[in-house]
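# A structural walkthrough
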Amino acid sequence: SFPTRRSSDLYALQRCGVIWCTMLCAAQYALQRVLRGAEHGGHRDALVLGAALALEVTGRAPDPLVAASRAAEALENGAATDLLARLTAFAAARP
């Protein structure tokens, strides 16, 4: 059977240390700021770029400008926050 949970051991990688975990906390804080509309700089741009690439490669946007516009709109209208909440709830419900 295919495992649903992953750990660094499965990939022969070391577990994260304090510095890595601190970086993850900082990234999570930046994401929360972007989703609340409190961040309009590089963190937001990186999220827009990543989402735009996903929209473009999955065929949900015809070109980069449309993809970036849709990604930015999802941040502004709360759709990104809703999606993150649904993904979080889904992951929490898994055994």
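Predicted model, so just to flag it, every value in this text is computed and none were measured. (Residues numbered from 1 in each chain as written. Predicted model: local features only at pLDDT ≥ 70, side-chain atom pairs only at ≥ 80, totals over all residues. Heavy atoms only, no water.)

## As for the nonpolar core
- Counting 7 residues, the largest nonpolar core consists of Val34, Leu35, Val48, Ala71, Ala72, Leu75 and Ala80.
- When contributions to this core are tallied by element, the ones reaching two or more residues are α1 (18–35) and α3 (64–76).
- Among all residues touching Ala72, those that are not within four sequence positions of it are Arg44 and Val48. (Core = buried A, V, L, I, M, F, W, Y, C linked by side-chain atoms within 4.5 Å. Buried < 20%, exposed > 50% of the residue type's maximum accessible area, 1.4 Å probe, protein only. Helix = DSSP H or I, 4+ residues; strand = E, 2+ residues; numbered from the N terminus. Contact = heavy atoms within 4.5 Å.)

## Here's the deal with the pattern of salt bridges
- Enumeration over the complete set of coordinates arrives at 2 salt bridges.
- Residue Arg33 is joined to Glu39 by a salt bridge in which the shortest nitrogen-to-oxygen separation is 3.8 Å.
- Using a relative accessible area of 24% as the deciding quantity, one classes Arg33 as partly exposed.
- On the basis of relative accessible area, Glu39 is assigned to the buried category, the value being 16%.
- Among the salt bridges present, the one from Glu76 reaches Arg44, with a minimum N-O distance of 2.8 Å. (Salt bridge = Lys/Arg side-chain N within 4 Å of Asp/Glu carboxyl O.)

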